[in-house]
Structures are given as C-alpha cells and as structure tokens.
Amino acid sequence: VLTCFANQEPDRVPINYMANAGIDLRLKKHFGLNPEDGEGLLQALGVDFRGIGASYIGPKLHQDLPEVGVKVNNWGVHQRWIEHQWGGYWDFCNFPLKDADENMIANWPMPSPDDYDYSKIRQNCLKHKNYACCVGGAGTADIINSNGMLRGMEQTLIDLITEDPAGLLLAKRRTEINLEITRRILEAAQGGIDFLWIGEDLGTQIAPLISLDLYRKTIRPLHQQFVDLAKSFNIPVMVHTCGSSSWAYEDFIEMGVSIVDTLQPEATNMSPKFLKKTFGGRLAFHGCISTAGPVATGTIAETIADSQKTLDIMMPKGGYCFAPSHCLQDNSPTENVIAMYQTAIHCGRY
C-alpha cells in the first residue's frame, strides 16, 4: 500500500473494501463466516487495509426518540430507518441545528476528546502490522456533509456562501474536536498508523458543488490542519471526494495530499483515463469501481470486464488501489462482488 501511495509499482495492486450491512452479511454467509467476523471477511477478500480508532466511553449526550423511530448520536445527528426493496438504511432527518444561532451552537453538547479510550490503539496496530493501518475515514474533517446532518444541506451551503457565523462555528467546533481525537490516536499508535483518511464531498455528478474560491476560503484551511497533523507524524493523507471533484485536486497537491479516494468514474472529469493522464505520478488513486456500475446492475462477465478495464488503465507505473467508489450497496448481487474481488486478486499483479 505504501509503495502504491508513493506512486511506485508494488508487486500487486492493493485491495480495499467498504459495504453496506446487507451485502456485507451476504458475503459473510457466502464464505461461511459468523455475522460478526469482519476480520475473516477482509481476509477472504484479500483486503490490505485496516482501520484503527478509539472507542467512545463517555456519557450519552443526546437522547433517542423511540416514539418516532429516531436514533440520535452523540453529535446530535437524527436518523430514521428507511426501507427499500433490498433492505434499508438510516437516513438523516429533523436537522436540529437548522435554525440555531451562535449561542445555541456554542453550547450544543459534543463529544470530548477525553471521553475516548486510546488504551488499545497500539495493541491494535501491532495486531494488524502486516496491513496498512489508517486513522479516520470518509467523514473525518468533512464540513459539508457533517454540518448538513445537523443543519440540513440547503442551510449548510447558504452558511458557506454567506459566511454565516453559526454555520462556521459549527464547522470550527467539530474540526477542533476531531483534530484532537485524531492527534491522540496518532500519539497512542506510536508509529503504527500508516496514513490518515479524511473526506469532503465536493461535486455533483456533473459539476462542482461549490466554487474553487469558496473551497479555498472556507474549507481548505480546515482541511489543511489535518494534512499538517499527518505530516507532523510523517504519514500520507488520502482525501475522499464524491462526484465531480477533480477540479480541487491541484489544490490537494499544493496542500500535501498524496491520495484521492472515491473516484466515481461516471461523474464529469472523473474517468480513470482522465485522472491517470492528468494527475498520475502526482496523486495516487483509491477507488474507481463504481457501486452504481456493473457490480450492481450488470452480469458477472460485465463486472469482470469493468474491473479489468479499470486495472488496465490505472495500474501502469503504480499508484492505484483497487476499491469500490463508495460502500457497496445492498442491490449488488453477491456473485458480482465476489467476481470483482477475484479479478483484482488474479489480474492485479505486475
């Protein structure tokens, strides 16, 4: 993984996995695994990555609303279960800070970095020392989505455009807390963390979600704090960006970002050919296998062909990690997902 992140050719393409609960359970059943055996599934699929985090051990800060079927996490995010034909998912609702002023946001209960257990971090790093261990994820450092979970997407975008003090304070408070939690995990790991994963969804399917000027003014300075933290621990940074996001990649390079994630191939200026030609050698890539593509809607043969085509484009000269563009969705046939990973294992060798 680290060879790939350094834009060099490893012996084979690294492999990663993310999935929703339904397909995850079906895959475990396929391999004869216990529903709780996440590690067993990662090994069965040939996954080279492992996440390292700290468990929250503090008090519950916000109460669930069982009478209306809403669960509330420790940031105050409200979610309601939504059924679909393949299962269901927890969707965001209510947006309790939509109309909040600065005072309400300043006093809104949020987790304290002191309320996490960092005692097992080093042990878990050693347990997974043969894999690429990361701290964070697609939602770490994220401003638009995570603010949107509390203020709603419309108000969040208005906040950024108008520099609304309440919305900016929410972003600042969340950033400070997550930055300190990340710092403590890295310290506790004692060198066992290999990279930091952060995220920010910056594009629709066809265009940027916000302007480059707005990104530079309001979001980039907050992201830079995480990049600088990673650099102080001498580890690379991977940024998750949904949709048409390559318009921000030159800024990522300036900031010190090494890897970009998601890479929805159907979005504007996000095809594997475009990304490899434009940024190959300057950024490493993680993703590109569309969860809305053949793995979800095609045949086994079409899934294999799509995976092989992506490998053929992205593998030369290194710098590519094979992974789904997002969590594999529950509408993906089990046999397609198996074929996808078998293709990576058998065809991803240099």
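Each value, and the rule that gives it
Residues numbered from 1 in each chain as written. Predicted model: local features only at pLDDT ≥ 70, side-chain atom pairs only at ≥ 80, totals over all residues. Heavy atoms only, no water. Pairing = 2+ DSSP bridges. Helix = DSSP H or I, 4+ residues; strand = E, 2+ residues; numbered from the N terminus. 1 Å grid on protein atoms, 1.4 Å probe; cavity = no way out; pocket = protein on both sides within 12 Å on 5 of 7 lines; lining within 4 Å. Points joined across faces, edges and corners; volume = space filled by probe spheres on them. Nonpolar A, V, L, I, M, F, W, Y, C, P; charged D, E, K, R; others polar. Salt bridge = Lys/Arg side-chain N within 4 Å of Asp/Glu carboxyl O. Phe/Tyr/Trp six-rings, centres within 6.5 Å; stacked < 30°, edge-to-face > 60°. Buried < 20%, exposed > 50% of the residue type's maximum accessible area, 1.4 Å probe, protein only. Lys NZ or Arg CZ within 6 Å of the ring centre and 35° of its normal. Disulfide = S-S within 2.5 Å. Bend = angle between axes of the 7 residues up to and from the residue. Contact = heavy atoms within 4.5 Å. Core = buried A, V, L, I, M, F, W, Y, C linked by side-chain atoms within 4.5 Å. Axes fitted to C-alpha atoms, helices over the stretch in contact; angles between N-to-C directions.

J.: Please explain the pairing of strand 5 (residues 87-92) as it appears in this structure.
T.: The two faces of the sheet receive side chains in turn, since in a regular strand these alternate between them. In this structure, strand 4 (residues 78-84) lies alongside strand 5, joined through six bridges in antiparallel fashion. When the bridges of strand 5 are listed, Trp-81 appears paired with Trp-90. The hairpin turn running from strand 4 into strand 5, its antiparallel successor, is two residues long.

J.: Hey, could you run me through the layout of surface pockets in this one?
T.: To find leftover empty space, a probe the size of one water molecule is rolled over the atoms. Quantified by volume, the largest pocket comes out at close to 1,800 Å³. Forming the walls of the largest pocket are 46 residues, and the residues nearest its centre are Phe-92, Ala-138, Gly-139, Asn-145 and Met-149. Every element with two or more residues in the lining of the largest pocket is listed here: strand 4, strand 5, strand 7 (132-136), helix 6 (144-151) and helix 8 (165-189). Taken together, the residues of the lining of the largest pocket sort by class into 22 nonpolar, 18 polar and six charged. Quantified by volume, the second largest pocket comes out at close to 310 Å³. Only helix 3 (38-45) and strand 1 (49-51) provide two or more residues apiece to the lining of the second largest pocket.

J.: I would appreciate a short explanation of the pattern of salt bridges in the present structure.
T.: Two side chains with opposite charge may pair up if their charged atoms get near one another. Under the criterion given, the structure shown has 16 salt bridges. Here Arg-12 ties to Asp-48 by a salt bridge, and the two come within 2.7 Å at their closest N and O atoms. You can see Arg-12 sitting in the loop between helix 1 (2-5) and helix 2 (21-30) and its partner Asp-48 sitting in the loop between helix 3 and strand 1, a full 36 residues away along the chain. Two residues, Lys-172 and Glu-176, come together in a salt bridge whose shortest N-O distance is 2.6 Å.

J.: I would appreciate a short explanation of the packing of aromatic side chains in the present structure.
T.: Taken as a whole, this structure holds 12 aromatic pairs when the rule is applied. Plain terms: the ring middles of Phe-49 and Phe-195 are 5.9 Å apart, the flat faces sit at 85° to each other, and that makes the pair edge-to-face. Taken together, the positions of Phe-49 in strand 1 and Phe-195 in strand 8 (residues 195-199) put the pair 146 residues apart, joining distant regions of the chain. Assigned by exposure class, Phe-49 and Phe-195 land together as buried. Their ring planes at 75° and their centres at 6.5 Å tell us that Phe-274 and Phe-279 sit as a pair that is edge-to-face. Using a relative accessible area of 30% as the deciding quantity, one classes Phe-274 as partly exposed. For Phe-279, a relative accessible area of 3% puts it in the buried group. By the ring-pair criterion, three or more aromatic residues cluster together here, those being Tyr-215, Trp-247, Tyr-249, Phe-252, Phe-274 and Phe-279. Between Lys-71 and the ring centre of Trp-90, over which it is positioned, the NZ or CZ distance is 4.2 Å.

J.: Looking at this structure, I do not really get the state of the cysteines. What am I missing?
T.: Chemically, a disulfide is nothing more than a covalent bond linking the sulfur atoms of two cysteines. For the coordinates displayed, the defined rule picks out zero disulfides. The structure places no disulfide on Cys-133, whose sulfur is separated from the nearest cysteine sulfur, that of Cys-125, by 5.1 Å. Between Cys-242, a free cysteine, and Cys-327, which holds the nearest cysteine sulfur, the sulfur-to-sulfur gap is 10.0 Å. Judged by its relative accessible area of 12%, Cys-242 falls in the buried class.

J.: Looking at this model, I keep getting lost on helix 9 (residues 212-232). Mind explaining?
T.: Because each turn of an α-helix spans 3.6 residues, side chains separated by three or four positions end up pointing in the same direction. The largest bend in helix 9 comes to about 50°, at Ile-219, with the proline Pro-221 one to four residues further on. Every buried residue of helix 9 is listed here: Leu-214, Tyr-215, Thr-218, Ile-219, Arg-220, Leu-222, His-223, Gln-224, Phe-226, Val-227, Leu-229 and Ala-230. Where the residues of helix 9 are buried, they touch helix 6, helix 7 (153-162), helix 8, strand 8, strand 9 (237-241) and helix 10 (249-255). At the C-terminal side of helix 9, Asn-234 shows a positive phi close to 60°.

J.: I tried to follow the nonpolar core on my own but got confused; where do I start?
T.: Soluble globular proteins: nonpolar side chains tend toward being buried together. Grouped together as the largest cluster of nonpolar side chains are 95 residues, with contacts concentrated most on Tyr-17, Ile-121, Tyr-249, Phe-252, Tyr-320 and Phe-322. Among the elements that line this core, the one with the most residues is helix 8, at 10 residues. Contact partners of Phe-252, with chain neighbours within four places excluded, come to Leu-202, Tyr-215, Val-239, Thr-241, Val-257 and Val-260.

J.: Before we go on, may I ask you to explain the environment of Asp-330 in this structure?
T.: Take Asp-330: it is sitting in the loop between strand 12 (320-324) and helix 14 (334-347). Through-space distance from the C-alpha of Asp-330 to that of Ala-230 is 34 Å; in sequence the pair is 100 residues apart. Among residues more than four places away in sequence, those in contact with Asp-330 are Asn-20, Ala-21, Gly-22, Ile-23, Arg-26, His-84, Trp-86 and Gly-88.

J.: When you look at the sheet that holds strand 4 in this model, what are you seeing that I'm missing?
T.: Strand pairing within a sheet occurs via backbone hydrogen bonds; the two strands may be parallel or antiparallel. Strands sit in the order 3-4-5 across an open sheet of three strands; the sheet is antiparallel. Pairing within the sheet leaves two strands with one partner each, and these edge strands are strand 3 (70-72) and strand 5. On average, adjacent strands in this sheet sit at an angle of 35° to one another, irrespective of strand direction.

J.: Help me understand the side chain of Thr-182, please; the structure alone is not making it clear to me.
T.: Locating Thr-182 in the fold gives a position in helix 8. Those residues within four positions of Thr-182 in sequence are excluded, and the remaining contacts are Val-135, Thr-140, Leu-196, Phe-226 and Leu-229.

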